Amino acid sequence: MKQTETTDNPYLRDPDVRLMLRAKDGDQTAFTRLVSGYQDRLVGVFSHVLGSKESAEDLTQDVFLRVYRARHGYEPTAKFSTWLFRIANNAAKNRLRQQGVRKEVELPVQDSAPGLPQVGGSPLAESLLASSLLLGGVQLLSIGIVGQYLGRLLLGANGKPQ
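Residues numbered from 1 in each chain as written. Predicted model: local features only at pLDDT ≥ 70, side-chain atom pairs only at ≥ 80, totals over all residues. Heavy atoms only, no water.

Q: Can you break down the overall build of the protein chain residue by residue, with the values?
A: Per the secondary structure count, the protein chain includes seven helices and zero strands. Taken from the N to the C terminus, the helices and strands of the protein chain come in the order α-α-α-α-α-α-α. Across the 162 residues that make up the protein chain, the buried fraction comes to 33%. Relative to all contacts within the protein chain whose residues are 6 or more apart in sequence, the contacts with residues 24 or more apart total 51%. With an accessible surface of roughly 10,600 Å², the protein chain has 53% of that area assigned to carbon and sulfur atoms. (Helix = DSSP H or I, 4+ residues; strand = E, 2+ residues; numbered from the N terminus. Buried < 20%, exposed > 50% of the residue type's maximum accessible area, 1.4 Å probe, protein only. Contact = heavy atoms within 4.5 Å. Areas by Shrake-Rupley, 256 points an atom, 1.4 Å probe, with all protein chains shown as cover.)

If you want it as structure tokens, here you go:
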């Protein structure tokens with residue numbers, strides 16, 4: 001047993017932590033078991049987030065490649081699944097950010113409020129567009145236009161709070 005395994009670390013009871021520690025020591029079978037145990041879950045989550053099974057499979061492969069490369073620095077300070085899903089979450093955020101940079105969205109402009117996107121008056125459409133604006137999904141609008149648009153959402157068309 002290694003020094004890490006002889007301490008009273010509660011995470012060492014997690015069988016996946018023990019597999020990762022074996023993978024850290026070079027046990028390829030242990031790493032393969034971790035991949036087999038988590039790949040379907042990651043593909044499922046990523047498919048939902050990315051909207052494409054192919055993209056989800058690619059990202060899952062990237063996550064396990066990151067795990068493999070980081071195995072030598074692994075320390076069991078949490079359950080293995082917590083560590084893995086933190087890596088997966090960061091990878092998904094990076095992928096979505098990269099996709100967002102490449103996307104260009106052209107929005108029609110209302111005549112009555114120059115510079116504000118036309119969303120058809122639907123509260124859901126307005127909420128979605130506002131979320132997109134806040135999260136940087138539409139990067140071609142200036143801060144002033146975003147502020148005007150959010151002000152209109154908060155005050156309503158008649159200028160009174162909704």
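Q: So what about the side chain of Asp14? Which residues, and what values?
A: On the secondary structure map, Asp14 appears in the loop between α1 (3-6) and α2 (15-24). Among all residues touching Asp14, those that are not within four sequence positions of it are Lys79 and Phe80.

Q: Could you give me a rundown of the pattern of salt bridges, with the residues and numbers involved?
A: Tallied over the full model, the rule gives four salt bridges. Note that Asp27 is salt-bridged to Arg22, the shortest N-O span being 2.9 Å. Note that Arg95 is salt-bridged to Asp62, the shortest N-O span being 2.7 Å. With Arg95 in helix α5 (residues 80-102) and Asp62 in helix α4 (residues 53-70), the pair connects residues that are 33 residues apart, well separated along the chain. Take Arg95: its relative accessible area is 17%, and that puts it in the buried class. (Salt bridge = Lys/Arg side-chain N within 4 Å of Asp/Glu carboxyl O.)

Q: Explain α4 to me, and be specific about the residues and the numbers.
A: Here α4 spans 25 Å end to end across 18 residues, near enough to the 26 Å set by a 1.5 Å rise per residue. The distance from a side-chain oxygen at the start of α4 to the backbone nitrogen of Glu54 is 3.4 Å, and the residue carrying that oxygen is Ser52. (Expected span 1.5 Å × (residues − 1). Polar contact = N/O pair within 3.5 Å; in protein donor to acceptor, adjacent residues only side chain to side chain.)

Q: Mind laying out the environment of Phe85, listing which residues take part and the relevant values?
A: Take Phe85: it is sitting in helix α5. Overall, Phe85 belongs to the partly exposed group, its relative accessible area being 31%. Excluding residues within four positions of it along the chain, Phe85 makes contact with Tyr38 and Leu42.

Q: Hey, could you go over the packing of helix α3 (residues 28-50) against α4 for me, with residue numbers and the actual values?
A: Contact pair α3 / α4: the axes reach a minimum separation of 8 Å and the direction vectors enclose 140 degrees. Read as a crossing pair, α3 and α4 show a hand that is right-handed. In this structure, α3 contributes Gln28, Phe31, Leu34, Val35, Tyr38, Gln39, Leu42, Val43, Phe46, Ser47 and Leu50 to the contact, and α4 contributes Lys53, Ser55, Ala56, Glu57, Leu59, Thr60, Val63, Phe64, Val67 and Tyr68. In terms of residue class, the contact of α3 with α4 is made up of 14 nonpolar, five polar and two charged. (Axes fitted to C-alpha atoms, helices over the stretch in contact; angles between N-to-C directions. Left-handed = near helix turned anticlockwise from the far one by under 90°. Nonpolar A, V, L, I, M, F, W, Y, C, P; charged D, E, K, R; others polar.)

Q: Can you break down the packing of aromatic side chains residue by residue, with the values?
A: Scanning the entire structure with this criterion turns up six aromatic pairs. Arranged with centres 6.1 Å apart and planes meeting at 70 degrees, the rings of Tyr38 and Phe85 form a pair that is edge-to-face. You can see Tyr38 sitting in helix α3 and its partner Phe85 sitting in helix α5, a full 47 residues away along the chain. Ring pairs connect the aromatic residues Tyr38, Tyr74, Phe80, Trp83 and Phe85, which therefore count as one cluster. Here the basic side chain of Arg71 rests over the ring of Tyr68, its NZ or CZ set 3.7 Å away from the ring centre. (Phe/Tyr/Trp six-rings, centres within 6.5 Å; stacked < 30°, edge-to-face > 60°. Lys NZ or Arg CZ within 6 Å of the ring centre and 35° of its normal.)

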